[in-house]
Structure formats: C-alpha cells, structure tokens
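Observations on the model geometry
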Amino acid sequence: MQVTTLEWVITGLVILGLFVFDFYAHVRTPHEPTFKESGIWSAVYISLALLFGLFVAWKWGGTFAGEYYAGFVTEKALSVDNLFIFLIIMSTFAVPRIYQQKVLLIGIVLALVMRGVFIAVGAAAISAYSWVFYLFGAFLIYTAIKLLRESGHEAEHEQKRDSYIVSLAKRFLPTTDEYDGDKLITRIDGKRVVTPLLLALLAIGFADLLFALDSIPAIYGLTEEPYLVFTANAFALMGLRQLYFLIGGLLDRLVYLSYGLAAILAFIGVKLVLHALHENTVSFINGGEHVSVPEISTAVSLSVIIGILVIATVASLLRTRHTNATDA
C-alpha cells in the first residue's frame, strides 16, 4: 500500500478540520446536546467512516478496505467501553452536563495525538523487528485476562486512578473545588488555580493513554498499514462525544461488553502470535525458521469481531431486561 506524503497531509488536514468544525458548531457554546442532535451527528460521523472505507477500496483495493473496516469496528467497540470510564470520571468530578462536551472533545483530541505517537512507534518497531508481533500478541492476551478479572469492578478501579491523579495534581498545582463556568484555570484572590474541569480532563487524558496501550497493538493485529491504523483510530474517535450523550443511559445495560471485548482482544492476540510464528526469525523458535501455522484472514477476523459484539450486546440487553422485569 503506497500512501504519498501529500495524501497523509490532506488526510490530517481533513481530520483536523472536522474536529475544528465540531468545536465551533457544537462545543464552543456550552450546552447539553439533545438526543436528536447526538443521534444525527453520530450517524454523520459513522457514515463518513464507512464512506472512507469505500474510498480505500477504490484507491488501494478491497483487501485494504477490509483491513480498515476490521480496524474501525474494533476501535469503535473499544471506544464504547471507554465511554463507560468517561461516565465514571464525569460523575467522580461532578462535571456539569453543559460542560462535559468541552472535556470530552479536548480529551478525544489528546487521545488521537497520543495514539498517533504510538502508531508511529509501533510501525517503526514492526518494520525493524518481526518478533514485536509476539510481544503485541502476548500483551493483548494478558489484557484480555485482566479485563475479565476487572469486569464488574470498573468503577472501583477508575475511582482509585482518579483519586491518585487528583492527589498528584494537588501536590504540584494550586487547585479549587469550585467550577468557574467552562474555564480550566481561574483566578481566586489574584492567584491562578486549576478548576475541577482541568482535573477531569487530566483523568480522561490518563485513561486515554491506557486505552492506547490496548488499542494500537489490537489494530496492528488486523493491518500492518500505519495509514489504515491512523484513519481507523481517527474515525473511531470522531463522533465519540455525541455517542457519549446518545447511549449514556444504555451503557449500564451493556453488562457483557467487557467479556466481549476480552474475547476480541484474546482472538486478535492469538492471531498476532500465529502471524509472528509464520514470519518467525527468532533463533530459539524452530531454529529461526518460519513455522507452518494457519493464518487468520481479514474476512474471518471481521466476521468474528462483529459476531462477538452482536452476541455480547444481545445477551446484555436480554439479561438487563430480564433483571428489570424481575425487579418490577
């Protein structure tokens, strides 16, 4: 897949333009988005992501388009799980609903920047060392196990992290417990102090950093093309703010989502290990020769990922409906 510097620049400018538009059209004036507004713009950004996949198919072929769609679906699913953490952070810091859009948008931009760095590092590592796939695969399997162990206790783990971030920030920065509109920094008695809005943003930024550690190895298990990795991440993050307000009340009902994501990460981890064995150059494995193992195609990967998400979502909704009916 050949992507020119000009195509990279144009893509970056378009993505930046979409975020700037989002800020001036929706975030600049503090307000709580309506369900209709959130639904329309969520649909717009998902449509843009799907249309970009068609552009990839036209420009570089169906194989790369399949890799992009598999990456996008995976990153979008992981992003939905991130929304639950964002919801906990907003509750912990008691961020007023009308200011949550600003925190989310800035946090999402920071997430894309951090992921861009990880994507570049990952691409360089893969290009130089084929054994990196062993590390990525093992890390994803470990993450899947960790996700299973923490399932149902996400709130406790996130609140502990938030408490640590607040303690660290207050140790080095003058802070206030009072909000001053949507300001991140305000003045009290002539002194600059950090508002809870900035503390919430720091917590989201730290959460984004942890999410990037999971998501980048996962998508490199589906495509080795940095351009597809970056665009899939960018389109998955776009519209995440609207999705937060659209399905915020539904997040509590997705009780099996963590199990589904753990299964997806484990699946991609195994796929990476198989790929690493197929491309093996490590001397103590098969004498440094390639190992004849089956590889999982992009079509199979996409089918498995979508299938797991559908099963996890349907099972979650059926479980919570039954629970609600029993409580009633």
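Our subject in this report is the structure included herewith.

About the thresholds
- Residues numbered from 1 in each chain as written.
- Predicted model: local features only at pLDDT ≥ 70, side-chain atom pairs only at ≥ 80, totals over all residues.
- Heavy atoms only, no water.
- Core = buried A, V, L, I, M, F, W, Y, C linked by side-chain atoms within 4.5 Å.
- Buried < 20%, exposed > 50% of the residue type's maximum accessible area, 1.4 Å probe, protein only.
- Helix = DSSP H or I, 4+ residues; strand = E, 2+ residues; numbered from the N terminus.
- Contact = heavy atoms within 4.5 Å.
- Salt bridge = Lys/Arg side-chain N within 4 Å of Asp/Glu carboxyl O.
- Axes fitted to C-alpha atoms, helices over the stretch in contact; angles between N-to-C directions.
- Parallel < 35°, antiparallel > 145°, perpendicular 65-115°, else oblique.
- Left-handed = near helix turned anticlockwise from the far one by under 90°.
- Nonpolar A, V, L, I, M, F, W, Y, C, P; charged D, E, K, R; others polar.
- Patch = residues over 30% accessible without salt bridge, like charges linked within 9 Å, V, L, I, M, F, W, Y side chains within 5 Å.
- Areas by Shrake-Rupley, 256 points an atom, 1.4 Å probe, with all protein chains shown as cover.
- Phe/Tyr/Trp six-rings, centres within 6.5 Å; stacked < 30°, edge-to-face > 60°.

This part covers the nonpolar core. Within the largest apolar cluster, 92 residues are counted, with the highest numbers of intra-cluster contacts made by Tyr68, Phe86, Ile89, Phe93, Tyr244, Leu261 and Ile268. If one sorts the elements of this core by residue count, helix 3 (residues 62-92) sits on top with 16 residues. Setting aside anything within four residues of it in sequence, one finds Tyr244 in contact with Leu83, Phe86, Leu87, Met90, Arg97, Gln100 and Leu104.

Along the chain, Val109 turns up in helix 4 (residues 97-128). The spacing of Val109 and Met238 is 129 residues in sequence and 9.2 Å in space, taken between C-alpha atoms.

For the rest of this paragraph, the subject is the pattern of salt bridges. Counted according to the given criterion, the structure contains 4 salt bridges. Lys59 is the partner of Glu7 in a salt bridge, and the nearest nitrogen-oxygen pair spans 3.2 Å. Here the residue Glu7 occupies a position in helix 1 (residues 5-27), and Lys59 occupies one in helix 2 (residues 35-60), the gap between them amounting to 52 residues. Judged by relative accessible area, Glu7 falls into the buried class, the value being 18%. For Lys59, a relative accessible area of 38% corresponds to the partly exposed category. Close ionic contact of Arg241 with Asp22 constitutes a salt bridge, the shortest N to O distance being 2.6 Å. Note that Arg241 is positioned in helix 9 (residues 240-247) and Asp22 in helix 1, a separation of 219 residues in sequence.

The contact between helix 3 and helix 9 brings their axes to 10 Å, and the two run at 65 degrees. Judged on the interaxial angle alone, helix 9 and helix 3 are roughly perpendicular. For the crossing formed where helix 3 meets helix 9, the hand is right-handed. Residues Lys76, Ser79, Val80, Leu83, Phe86, Leu87 and Met90 of helix 3 form the contact with helix 9, whose participating residues are Leu240, Leu243, Tyr244 and Ile247. By residue class, the composition of the contact of helix 3 with helix 9 is 9 nonpolar, 1 polar and 1 charged.

Where nonpolar side chains cluster on the molecular surface, the patch consists of Val9, Leu13, Leu16, Val20 and Tyr24 and spans about 490 Å² of accessible area. Looking at where Val20 falls in the secondary structure, it is placed in helix 1. Look at Val20 and you get partly exposed, because its relative accessible area is 40%.

Taken as a whole and assessed by the stated rule, the structure comprises 17 aromatic pairs. Relative to Tyr227, the ring of Trp8 lies with its centre 5.1 Å away and its plane at 90 degrees, an arrangement referred to as edge-to-face. Linking Trp8 in helix 1 with Tyr227 in helix 8 (residues 226-237), this pair joins segments that are 219 residues apart in sequence. Trp8 sits in the partly exposed class, given a relative accessible area of 33%. Given the relative accessible area of 3%, Tyr227 is considered buried.

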